[in-house]
Each structure stands twice: as structure tokens, then as C-alpha cells.
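Inside the fold
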Amino acid sequence: MQFGTFGVASSLCPLISPSFCAASESAQQSFSKCISYNTQQYGRISNITTASDSPDFLTIYNAYVREPRFLNSSTPKPLFIITAMETSHVQGAIVCARRSGLQVRIRSGGHDYEGLSYMADVPFVLIDLNNLRSVRVDIPTESAWIDSGATLGDVYFRISEKSNVYAFPAGSCSTVGIGGHLGCGGFGFIFRKFGLSADTVIDAKIVDVHGRLLTRDTMGEDLFWAIRGGGPASFGVVVAYQVRIVRVPPTVTRFSLDYTLEEGGAQLLQKWQDVAYRLPEDLFLRVVLILSDNATLTVSFQSLYLGRVDRLLSVLRERFPELNIRRENCTEMTWIQSAVDLAGFPFNGSATVLLNRTTQQVVASKMKSDYVTVNRPIPEAGYDGLFKMILQANMSALYLILTPYGEIMARIPTNAIPFPHRFGINYGIQYGVSWDVDDDVQGQKALSDIRRVYEYMEQYVARGPRSAYLCYRDLDLGTNGRDDVADFREASVWGFKYFNNNFKRLVRVKTAVDPENFFRYEQSTPPDCNC
């Protein structure tokens, strides 16, 4: 990969004014010269720098765009992509971008529902971390150093190479980048026992606004607190995390059991609200609501139990007999097989499928989120109204995933890390829609459906503020709307939804480490708050 010419890419200029293009051309030249002049200090960055007019540019850019709605010519793209091979490349990219007046975006895996990690409507440099993917597992210390460009699948597989009784509490999609997952919290099927992915972090390496590489000892506890679930792209570029890995039994049990409304699914959902967050920490039981193509609304109960089937059946027959779970509904397997299964592959196949970094997503999507509190479960009439809305409007593109909390999640203090949704939370809701990216009519209906359902649910979910999960980034909650000004008032609209009162501390950390707001994007934490 080599530099292209110094002219501004034609893909960018139609989206901005001629005077803006002229300014960015000067910045592009400045950045190119800076990268060349700093080769000795930061390594041969020019060899891994691709300009926007290079023939390889779109191939490299598109390789880790996981959201198909941004795979088009109108998506505003970077002037340069730095495919970092070592930490010094990240340092050089930050130093040169700052000197040249360019912003940066930081991409680890590309699973970014709003595309904020790889696009912007201002001249910017994309720092791509996908080649920083080492996972160094140390069983004696029950820890691992993980580069930010590693995927969840990489982490799971590398742990399984060392032991079949260790795991990592994270999500089910194997192609998600660990940098983004840890940066926004990260939960999965064993988080009721072990906490969030970000709760396991014990050290990190971050490149700050000055290009310095800092660890926990040198960055200080405030910044270390902020980058564990607080959106670290507001503060710097985290290139690696050290995490605790956790012990799991040699055998776990999975099941998935579906009920239609006619089969009593609505009544089982009401019971689930009272049961799931109270279940033992070894048992995770979520619900997925989806409307099938034949206009049948299904309530799907999906579970992972850290133990054998006999004990699982005993627990559920005591706590949730109405579910009518049977032995034939259950499958015993190892933990790594459950990771393969949850990633959508045959559980008894090779675990090497987890190393496949190619996403299976071929449809466009949009996500939103909510939380339901223990003291305000959604009444039967509330869900009945939701079901009628979904059926009457034929919301076949819509689904809801209900994730139970409780156990260790209720015991970890709400300010332990920026992620605040702990004590008093019954379950989280992920709203999702998907559609054929080439079908604009279908896309508009899907977006209308999810926003209509979200509006309807406001009366039933957590309030003061109505909360949201950072990993399900949602620009409907608002954006700063300005590139050059940090506006706490505007940012607080989404900031308090994602972080509740922890947002105030995030702003103070931002003010201390990046007062000029170099690391910024549409929903970044701003500096300068008198709070």
C-alpha cells in the first residue's frame, strides 16, 4: 500500500464545500509530509498508509465495514487509512493528524451500528486496528493481554487452546472487535455470574492526544476508569487491554424453546419477568420476540447454564415450571462449543470457525435500547399493546431481545466503571430491525417501525433518565451537530442516557486529558463542564 497523490479524494469533495476541500487538501499534504518525516521515530508508516485516491483504498476501507447501509459511495470517507501493524504506527498517526488539523476515527472490528468509528463529515484519518490482534493467555495468572483489533472469536479460541475450563464473559457474535466491546461495556451469556467484559479489565495501553503510550500506572486511575465502558475513543486510542479470564465447568448446557402467543407465550413472558433476574448466577435465560413471515409472533426462550442438564432441569422445574422444559430440549457441550453455537455455527464442528473475521451480515440494520426496572415490570396490558402493534403493522423486520440482569450485576456498584445499569435493573431491551439495503421502501418502514415501538415503550421503561446501552449506539438520541465546539448541554442528552450520573465524571476526565477536544465524534464526551 502506497500513498496516492495529494489531491482530495473525489468521494469526499461532493459532500463538502469547495473552500472546505481546499483546506483539507492542505491538511492532506501536511499529514503526508509529517508521516514521511517521522518514519524513523514511528516506523515506516508510509508503507501502511493508504490515501483516498489509491486503487486499494475502497478494498481496505470496505473490508471492515460491518453495517451494509454504509457500503455506498455517499458515505463520507477518510483522507487516509492507517492499517497499524504496531503501536508506534498509532502514535505517529495521532501526532501527524493533530499537527495537520485532521480528526481521527478508530476502528477495531467495524461492528458499529451508526458507523462512527469509520466515517465522518469532516476531513479525517482512519486508524484501523484490525492487524493488532494478538491474544496472549496466561493460565497461571488467570489473565490475558488482548490487542484491541482481536475479535471475540479470537479471544475465545485462544483461551480454548490453553484450557477447556476457562472462558471470557463477552458477547455471542464472534466477529465483534474486542476494542469496541470493552469500550462500551460488553455483556453476554455468562455476565450474571462474572460481570461485564469491561469489569474484568485490570490494565490497558492507551495512546493519548500527545502520542504517548500510557499504562494504568502512568495514565492514572481516572482515565483508567473512563476507558472501561465509557467510550474510550473520546480519550485516546486503546491498543490493548489486560483482562481476567474466568473458570467455567467442563460441561455446560444450552437450550432454545419457542412459544407462540396462541401457545401461551405472553403469559410465559410475564412469568419470565418475575423469574429470570432471580435465577442462580449460573443460569442465563433470555427472551427473543420476533414476528415470522407467516405473521406468527414467537416468544423464544434461550439459555446457557454453567453445569449439566440434570441440575438445569431441577432449577427450572422449581423456579419456572410453566416453561415445561424437558431433557430433549437441552444439549450438553463444552464452553467453547457453546461459543461456537451462539456464533451461529454447528457446536460440534471445529472451533476454528471463530477465527473467521468475515461477517455474515448482509442486511442493513438499526438498533435502539432500553432498561426495565425491578420495581416496574411491564404489565400484561403493556405487552399486549406491543403485540397488537407489531401484528397490525406487520413489523416483520423487527425483533426484541430481553436480557436478564441480577446476581453480580446487581452487586457491582453503579459507579465502579462508567456503565451504570446495575442495581434495580430487571432486564435490558435491545430493539432491532433489518432490511434489504437496496430496498428503500422496506428500509423506511423498518425505521418507522422501530421508532414507533420505541416511542410506545417509553411509558413502561426506566426513567429519570430513560437509559440506553452505549454498545447499541443510537444517533436518534441526538448529536452535538458541531465539529469545532464541545457543547455539554447537547451532549448531556445522550450522555446521561448512556451513563446516568457517571457522565459528569467522564466529562471531568475528558477535560483533564483532552481539553482541546481532539478526540471527538458525533456522540463523544465533551470537555469543559462545571459539574
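Refer to the structure above for everything that follows.
Residues numbered from 1 in each chain as written. Predicted model: local features only at pLDDT ≥ 70, side-chain atom pairs only at ≥ 80, totals over all residues. Heavy atoms only, no water.

1. Digging into empty space enclosed by the protein
Counting across every chain of the model gives four cavities of 30 Å³ or more. Along its surface, the largest cavity is lined by 13 residues, and Tyr 156, Ala 170, Gly 171, Trp 335 and Leu 342 are the ones closest to its centre. No other element matches helix 12 (residues 335–342), which puts four residues into the lining of the largest cavity. For the lining of the largest cavity, the per-class residue count stands at nine nonpolar, four polar and no charged. The calculated volume of the second largest cavity comes to roughly 70 Å³. Lining the second largest cavity are Phe 187, Ser 369, Asp 370, Tyr 371, Thr 403, Tyr 405, Gly 428, Ile 429, Gln 430, Tyr 469 and Tyr 472. Elements supplying a minimum of two residues to the lining of the second largest cavity: strand 16 (364–373) and strand 18 (425–435). Classifying every residue of the lining of the second largest cavity by side-chain character gives six nonpolar, four polar and one charged. (1 Å grid on protein atoms, 1.4 Å probe; cavity = no way out; pocket = protein on both sides within 12 Å on 5 of 7 lines; lining within 4 Å. Points joined across faces, edges and corners; volume = space filled by probe spheres on them. Helix = DSSP H or I, 4+ residues; strand = E, 2+ residues; numbered from the N terminus. Nonpolar A, V, L, I, M, F, W, Y, C, P; charged D, E, K, R; others polar.)

2. Re helix 17 (residues 502–513)
Given 3.6 residues per turn, any residue in an α-helix points the same way as the ones three and four places further on. Here helix 17 is 12 residues long and its end C-alpha atoms lie 17 Å apart, about the 16 Å a rise of 1.5 Å per residue gives. Every buried residue of helix 17 is listed here: Asn 502, Phe 503, Leu 506, Val 507, Val 509 and Lys 510. In an axial view of helix 17, the angular spread of the buried residues amounts to 165°, which keeps them on one side of the axis. Buried residues in helix 17 make contact with helix 9 (221–226) and helix 16 (488–499). (Expected span 1.5 Å × (residues − 1). Buried < 20%, exposed > 50% of the residue type's maximum accessible area, 1.4 Å probe, protein only. Arc of directions from axis to C-beta. Contact = heavy atoms within 4.5 Å.)

3. A look at the side chain of His 181
Tracing the backbone shows His 181 in helix 6 (residues 178–184). Leaving out residues up to four positions away in the same chain, His 181 has contacts with Leu 152, Ala 170, Gly 171, Val 176, Gly 186, Phe 187, Ser 197 and Cys 471.

4. Observations regarding the sheet that holds strand 3 (residues 103–107)
The strand order across the open sheet formed by four strands is 1-2-4-3, and the pairing between neighbours is mixed. The open sheet has two free edges, formed respectively by strand 1 (49–51) and strand 3, since each of these has just one partner strand. Across the sheet, the mean angle from the axis of one strand to that of its neighbour is 20°, orientation sign disregarded. In this structure, strand 3 lies alongside strand 4 (residues 124–128), joined through five bridges in parallel fashion. Bridging from a neighbouring strand, Ile 106 pairs with Ile 127 of strand 4. Where helix 4 (residues 87–100) meets the sheet, it contacts strand 2 (80–83), strand 3 and strand 4, and its direction lies at approximately 170° from that of strand 4. (Pairing = 2+ DSSP bridges. Axes fitted to C-alpha atoms, helices over the stretch in contact; angles between N-to-C directions.)

5. Some words on the environment of Phe 191
Mapped onto the secondary structure, Phe 191 falls in helix 7 (residues 191–194). Between the C-alpha atoms of Phe 191 and Glu 407, which are 216 residues apart in sequence, the distance is 9.2 Å. Ignoring sequence-local partners within four residues, the contact set of Phe 191 consists of Leu 196, Phe 284, Thr 403, Pro 404, Tyr 405, Ile 408 and Met 409.

6. Some thoughts on unusual backbone geometry
A cis geometry characterises the amide bond from Gly 464 onward to Pro 465, with omega recorded as 0°. Within the fold, Pro 465 resides in the loop between helix 15 (440–457) and helix 16. If you check the backbone angles, Glu 407 has positive phi at about 55° while not being a glycine. With respect to the secondary-structure elements, Glu 407 resides in the loop between strand 17 (398–404) and helix 14 (408–411). Take Glu 407: its relative accessible area is 23%, and that puts it in the partly exposed class. For Asn 517, which is not a glycine, the phi torsion comes out positive at approximately 60°. Positionally, Asn 517 belongs in the segment after helix 17.

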